[in-house]
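Chain residues, written in single-letter form:
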Protein chains: 2
Amino acid sequence: MIPEEILQTFREKTHFVVATHMHPDGDALGSLLGLIEILKQMDKKVFGLVEEPVPDFYRFFPQSAQLNTSRADLHDFLRAGGSDAAAVALDCGEIERLGSLQVALAAIKPLVVIDHHQTHQNYGDYRWIEPASSSTGEMIYEVCEALGQTPTLRCAFDLYVAIVSDTGSFRYECTGARTLEIAARLVGAGVNPQEVASHLYDNYKVARLKLMEMVLGTLRLHEENSIAFIHVTREMFAKSGALAEDAEGFIDYPRALAGVKVSAFLKEMPDDTISVSLRAKGACDVSEVAKRFGGGGHRNAAGCRFNGIGLEDVHNRLHRAISSALQGG
Amino acid sequence: MIPEEILQTFREKTHFVVATHMHPDGDALGSLLGLIEILKQMDKKVFGLVEEPVPDFYRFFPQSAQLNTSRADLHDFLRAGGSDAAAVALDCGEIERLGSLQVALAAIKPLVVIDHHQTHQNYGDYRWIEPASSSTGEMIYEVCEALGQTPTLRCAFDLYVAIVSDTGSFRYECTGARTLEIAARLVGAGVNPQEVASHLYDNYKVARLKLMEMVLGTLRLHEENSIAFIHVTREMFAKSGALAEDAEGFIDYPRALAGVKVSAFLKEMPDDTISVSLRAKGACDVSEVAKRFGGGGHRNAAGCRFNGIGLEDVHNRLHRAISSALQGG
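No experiment lies behind these values; they were computed from the predicted model shown. (Residues numbered from 1 in each chain as written. Chains lettered and ligands numbered in written order. Predicted model: local features only at pLDDT ≥ 70, side-chain atom pairs only at ≥ 80, totals over all residues. Heavy atoms only, no water.)

Each partner contributes residues to the interface: chain B has 40 residues there, and chain A has 42 residues. Summing both sides of the interface, chain B and chain A together bury roughly 3,500 Å²; the carbon and sulfur share of this comes to 64%. Interface area lost by chain B to chain A is led by B:Arg171, B:Gln194 and B:Leu209, which between them contribute 20%. The partner of B:Asp202 in a salt bridge is A:Arg255, and the shortest N-O contact between them spans 3.0 Å. Of all the elements in the fold, those that place two or more residues in the side of chain B that touches chain A are helix H7 (177-188), helix H8 (193-201), helix H9 (206-216) and helix H11 (252-255) of chain B. With seven residues, H7(B) is the single largest residue contributor to the side of chain B that touches chain A. Here the side of chain B that touches chain A is built from residues that sort into 23 nonpolar, nine polar and eight charged. (Contact = heavy atoms within 4.5 Å. Buried area = accessible area lost by both parts, 1.4 Å probe. Salt bridge = Lys/Arg side-chain N within 4 Å of Asp/Glu carboxyl O. Helix = DSSP H or I, 4+ residues; strand = E, 2+ residues; numbered from the N terminus. Nonpolar A, V, L, I, M, F, W, Y, C, P; charged D, E, K, R; others polar.)

Before going further, it helps to spend a moment on the layout of surface pockets. Residues and elements named next belong to chain B. Of the volumes computed, that of the second largest pocket is approximately 180 Å³. Lining the second largest pocket we find Leu33, Ile36, Glu37, Lys40, Val46, Phe47, Gly48, Gln63, Gln66, Leu67, Asn68 and Arg154. Of all elements in the fold, only helix H2 (26-41) and strand S2 (45-49) reach the threshold of two or more residues within the lining of the second largest pocket. Split into classes, the residues belonging to the lining of the second largest pocket amount to five nonpolar, four polar and three charged. (1 Å grid on protein atoms, 1.4 Å probe; cavity = no way out; pocket = protein on both sides within 12 Å on 5 of 7 lines; lining within 4 Å. Points joined across faces, edges and corners; volume = space filled by probe spheres on them.)

This part takes up the sheet that holds strand S8 (residues 262-268) of chain A. Residue and element names in this part refer to chain A. Taken in spatial order, the six strands make up an open sheet running S6-S7-S8-S9-S11-S10, and their pairing is mixed. Both outer strands of the open sheet, strand S6 (220-222) and strand S10 (296-297), are each paired with one neighbouring strand and no more. Note: strand S7 (residues 227-232) against S8, six bridges, orientation parallel. When the sheet's bridge partners are listed, Ile230 is paired in S8 with Phe265. (Pairing = 2+ DSSP bridges.)

Residue and element names in this part refer to chain A. Tallied over the entire structure, the rule returns zero disulfides over all chains. Between Cys284, a free cysteine, and Cys304, which holds the nearest cysteine sulfur, the sulfur-to-sulfur gap is 13 Å. A residue is classified by how much of its surface remains accessible, and Cys284, at 4% relative accessible area, is buried. (Disulfide = S-S within 2.5 Å. Buried < 20%, exposed > 50% of the residue type's maximum accessible area, 1.4 Å probe, protein only.)

All names here are of chain B. Spatially, S6-S7-S8-S9-S11-S10 is the arrangement adopted by the six strands of the open sheet, whose pairing is mixed. Only two strands of the sheet have a single neighbouring strand rather than two, namely strand S6 (220-222) and strand S10 (296-297). In terms of strand pairing, S10 meets strand S11 (residues 301-307) through two bridges, oriented antiparallel. Each bridged residue has a counterpart across the sheet, and for Gly296 the counterpart in S11 is Gly303.

Right under this line is the structure:
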């Protein structure tokens with residue numbers, strides 16, 4: 001199921017530039033760092049390219065400081081690698097999500113794309129898109145196995161974080177038997193599940209709790225409590241001292257309400273856009289809702305972004321779209 | 001590792017009375033129902049004995065209604081079974097936790113005890129105690145395999161709920177590679193992890209979120225954020241429409257703060273007492289703090305209760321006691 005060209009690229013090339021999407025989450029960073037580790041184990045030269053330094057929250061990844069934002073360093077790396085370089089974009093089915101890294105990667109051929117999001121784009125030279133997979137981390141484990149490598153403890157840790165992040169600790173629909181089987185092997189390789197959970201779930205800033213309090217106060221329910229909205233404003237971020245990353249996971253609170261079929265979390269971002277997370281529990285396909293607004297994702301977890309309109313407008317447009325999706329429209 | 005006498009008992013006896021502890025949780029009920037299913041698959045007659053009807057929250061177990069509280073029915077069952085009956089006590093290392101079922105089980109020989117709690121008792125005829133196991137559910141899976149049975153979907157569901165309940169969805173220290181391997185097989189047998197998570201975790205009332213918002217607003221931090229207090233008043237319960245049970249788990253929010261070593265949750269109860277939950281992360285023994293005020297518990301999770309004094313007083317007394325415990329006093 002992994003395209004042979006991809007495995008061949010990993011086997012034959014000597015220099016790799018590995019990147020992931022903007023505002024990386026646990027799966028993006030875990031799969032990125034995990035793949036870097038596998039390639040290094042194969043004696044490859046690897047450049048882990050990121051748009052911005054790794055957010056504080058994710059600095060617990062032992063190798064996070066080695067990820068590099070410098071285009072000058074990248075230039076030197078590629079000059080040394082000559083024609084023997086390949087690029088890899090992880091967890092990033094849409095080229096726009098690479099942000100400014102698009103340009104840097106466009107200069108390298110081939111570009112390998114590995115992602116588990118449902119996408120409709122066709123960027124990259126070799127693509128492995130597996131929407132049935134729980135996470136890009138799970139896919140990187142398969143790559144590791146297909147390349148005949150045994151994950152080091154460091155790699156196992158990275159991939160375990162990736163899988164736990166994107167399955168909500170094995171709670172989401174995407175959790176398959178294979179997901180758990182891989183998790184078992186990673187724990188067998190020495191990963192401590194409690195340590196991972198404590199990094200991901202016991203590592204909150206006070207500002208996060210303050211923000212959570214404000215955001216819970218925005219709860220709005222529609223259609224007999226089947227649709228739940230929460231939002232965060234720039235003012236709340238400023239007042240609480242929290243950053244965008246501190247709002248991660250808040251969507252789980254309205255989602256956890258009995259009776260709620262679809263929940264939406266609207267975030268006013270520093271760049272004046274409104275970023276939206278959508279969650280469903282099977283009653284409709286929220287990736288279809290997201291697509292209407294230029295976004296995408298999976299059946300039960302999707303997102304989109306609005307530009308130039310206010311929170312209330314976004315709320316109303318989404319409310320209409322979700323209602324109609326729930327009615328099978 | 002499973003004592004041979006236990007497997008032999010399961011193979012040879014024809015009638016089984018299976019029971020678990022008072023106030024059963026997900027692991028108690030899941031392992032109980034799972035074992036019943038396995039024994040029925042082996043054409044055994046089984047009586048699932050419980051002290052009280054299954055709590056509402058756990059009625060999602062398909063077979064929960066078949067558990068029986070009737071001693072008259074038990075009497076008839078045992079009369080039919082003659083000397084070919086055996087009893088099984090699950091998830092219950094201390095005989096006291098069987099409550100009034102002690103008497104009923106004492107009449108049956110042999111009594112098989114299967115549990116994963118560290119115990120200091122030796123009741124029962126054949127005992128399998130495995131403190132390294134995540135859950136009694138995990139142990140019942142091992143029994144199933146050792147008996148050469150393949151778990152039905154129903155059995156797999158019961159055991160999966162048991163494992164998820166007792167590992168906090170694979171987050172606690174007890175989660176081992178074998179735990180995840182078994183979970184993988186249960187999902188392979190058809191269990192839907194999202195469905196299980198949704199029964200256990202997506203069942204919140206709106207009043208709970210409202211209460212959570214209010215309680216988060218009470219956060220107080222001391223000693224450079226190493227001690228965190230939250231509280232709930234009777235007024236907050238009234239205003240939100242939430243019940244005491246809806247506040248369950250709130251202590252996890254201050255606990256999850258980076259830097260917090262001890263967290264305390266003070267609850268004004270309907271009977272005018274103040275109930276306190278204490279959590280630590282290893283830096284001191286909160287059961288010692290609780291004991292000073294007539295309570296008790298474990299090193300990292302304890303509780304106590306105050307009578308006749310107000311929230312502020314309780315806060316101050318606990319603050320002093322926790323400070324001194326953190327200083328090794």
